[in-house]
Amino acid sequence: DVTGVGGVPDTGAGAVVLNVTVTEATGPGYVTVYPCGDLRPLASNVNVRRGVSVANQVTAKVGRDGHVCFFTATTTHLVADLSGWYADDVATVPGFFYEPLSPERIVDTRDGTGLGSRAVGQLAAGEVLPVTIPGAGGVPADADVRAATMSVTVTGATEAGFITVFPCDRERPVVSNVNFDPSNPTMANLATSRVSSSGQVCFFASVATDLVVDIQGYFSPNPAVVFTGLTPVRVLDTRDGTGVVGSRPARLGRGSVIAIDVAGQEGVPADAKAVMLNVTITEAAGRGYVTAWPCGQPRPVASFLNFVRGVDQANLTPVRIGDDGTVCLFVNEGTEVVADLNGYYTLAA
């Protein structure tokens, strides 16, 4: 039950933002999150490995009686942290509007990006790093930012740990946004967090690690776009040709770009400005990363999903739609790619 919980109203919520963590799984598998009352879709949100804690942010449409359903393909513990909610009618429920951006790097402890006067280098165990969002990346310096959506990547950690993202003027919550361990040294997850009254978001590291943050968008009181959640639907699967031009299977090679036609497809209006995709990598030939951006624009220096050979890895990303109605995915290593559509953004009325 996600209504009447943690600030979500009993009525009026169309979708919720959850960080879903899988831990103590007994074997490989996956988790699917979907609105209760709908048929379970052919889609996945988190890919599971035995003995490894894995997290992924999920934006889920609210189903029957205010419930969201979780299906697990293997025996496991589940932890879900609530980050926020979307109204099903912005005319009657006041709130903030999302402004999608082309991804841009705002923090990189490896080269000093976004660190200000702090020395270049890993976050120490227990360190909290404050980051000012207005003026960072493509966020205007004078923007009235109330929350931010970011791709948070951890790399170089030598022991298991987690990252917590939270507004700097609040007490650090007992939640995690990214879980990682040395068996998969580079791990990313999407995080949506309120900002402090001074526009800052804080990052807490439980162990020493490098941190990379790419801004994806922000929320403000100024009317921009509104989100509509969908029952997840598969829009790309290179293994069987779903969403591939010519409908033929087409494993992506190293350095490949694939375009996904999303505007006017699978319930997305032709005038939609952005979509929410859960992208899964499987059967990768080696270590690599994925970048998503609106087709027709230069590929940004950013990533939202990191992967290694032999491990299925997924992450959620909002991505703006290009002028031709498509979004592009780049992979720097050969792999199969699966993408599930979770919702879309349209201009506010």
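Residues numbered from 1 in each chain as written. Predicted model: local features only at pLDDT ≥ 70, side-chain atom pairs only at ≥ 80, totals over all residues. Heavy atoms only, no water.

### Notes on the sheet that holds strand β2 (residues 29-35)
With antiparallel pairing, three strands are arranged side by side in an open sheet as β3-β2-β5. The sheet is open, and its two borders are formed by β3 (46-48) and β5 (68-72), each paired with just one other strand. Neighbour-to-neighbour, the strand axes of the sheet open up by a mean angle of 20 degrees, direction not taken into account. In the sheet, β2 pairs with β5 via five bridges, with the strands oriented antiparallel. Along β5, the bridge assignment pairs Thr32 with Phe71. (Pairing = 2+ DSSP bridges. Helix = DSSP H or I, 4+ residues; strand = E, 2+ residues; numbered from the N terminus. Axes fitted to C-alpha atoms, helices over the stretch in contact; angles between N-to-C directions.)

### Points about the confidence of the model for the protein chain
Low-confidence regions, as indicated by low pLDDT, have predicted coordinates that should not be scrutinised in detail. Taken over all residues, the pLDDT of the protein chain has a mean of 92, while the share at 70 or more is 98%. The least confident element of the protein chain, judged by mean pLDDT, is β3 at 89; the most confident is strand β13 (residues 200-205) at 98. (pLDDT = per-residue confidence, 0-100.)

### Structural notes on the state of the cysteines
Counting across every chain of the model gives three disulfides. Note on cysteine connectivity: Cys168 is disulfide-linked to Cys202, with sulfurs 2.1 Å apart. With the S-S bond torsion at 115 degrees, the cross-link from Cys168 to Cys202 turns out right-handed. Pair noted here: Cys168 is in the loop between β10 (161-167) and β11 (178-180) and Cys202 is in strand β13, with a separation of 34 residues, a long-range link. (Disulfide = S-S within 2.5 Å.)

### With respect to the packing of aromatic side chains
One pass over the full model with this rule turns up eight aromatic pairs. When the centroid spacing of 4.5 Å and the interplanar angle of 35 degrees are considered together, the rings of Tyr86 and Phe227 count as tilted. Here Tyr86 is found in strand β6 (residues 77-87), whereas its partner Phe227 is found in strand β15 (residues 225-237), with 141 residues between them in sequence. When sorted by exposure, Tyr86 lands in the same class as Phe227, which is buried. (Phe/Tyr/Trp six-rings, centres within 6.5 Å; stacked < 30°, edge-to-face > 60°. Buried < 20%, exposed > 50% of the residue type's maximum accessible area, 1.4 Å probe, protein only.)

### Things to note about the sheet that holds strand β21 (residues 326-331)
With respect to topology, four strands assemble into an open sheet ordered β16-β21-β18-β19, the strand pairing being antiparallel. The open sheet terminates on both sides in strands that have one partner only, identified here as β16 (256-261) and β19 (305-307). Averaged over all pairs of adjacent strands, the angle between strand axes in this sheet comes to 20 degrees, irrespective of strand direction. One ladder, built from five bridges, connects strand β18 (residues 288-294) with β21; its direction is antiparallel. Its bridge partner lying in β21, Thr291 is registered against Phe330.

### A short note on unusual backbone geometry
Although it is not a glycine, Asp65 sits at a positive phi angle of roughly 55 degrees. Along the chain, Asp65 turns up in the loop between β4 (54-61) and β5. With a phi close to 60 degrees, Glu283 is a non-glycine residue in the positive phi region. Structurally, Glu283 is set in the loop between β17 (274-282) and β18. Relative accessible area serves as the criterion here: at 47%, Glu283 is assigned to the partly exposed category.

### Let's talk about the pairing of strand β9 (residues 147-155)
For β9, a buried count of nine out of nine residues is recorded, marking the element as mostly surrounded by other parts of the structure. Of the two faces of β9, the one lined by Ala147, Thr149, Ser151, Thr153 and Thr155 and the one lined by Ala148, Met150, Val152 and Val154 are each fully buried. As paired elements, β9 and strand β14 (residues 210-220) share nine bridges and run antiparallel to each other. Bridging across to β14, Val154 finds its partner in Leu211.

### Regarding the environment of Lys273
Relative to the helices and strands, Lys273 resides in the loop between β16 and β17. Distance in space between the C-alpha atoms of Lys273 and Asp340 is 17 Å, their sequence separation being 67 residues. With sequence-adjacent residues up to four places away left out, Lys273 is seen in contact with Val225, Arg320, Ile321, Tyr345, Thr346 and Leu347. (Contact = heavy atoms within 4.5 Å.)

### Comments concerning the pairing of strand β1 (residues 13-23)
Among the 11 residues in β1, 10 count as buried, and that is most of the element. Note: β1 against β6, 10 bridges, orientation antiparallel. Paired with Val17 across the bridge in β6 is Gly84. Alignment of β1 against β4, held across eight bridges, turns out to be antiparallel.

### Examining the side chain of Asn189
Along the polypeptide, Asn189 turns up in strand β12 (residues 186-194). At 2.6 Å, the side chain of Asn189 and the backbone oxygen of Asn177 are in polar contact. Sequence-distant contacts of Asn189, defined by excluding residues within four places in its chain, comprise Asn19, Ala55, Asn56, Gln57, Met150, Ser151, Val152, Asn177, Val178 and Asn315. (Polar contact = N/O pair within 3.5 Å; in protein donor to acceptor, adjacent residues only side chain to side chain.)

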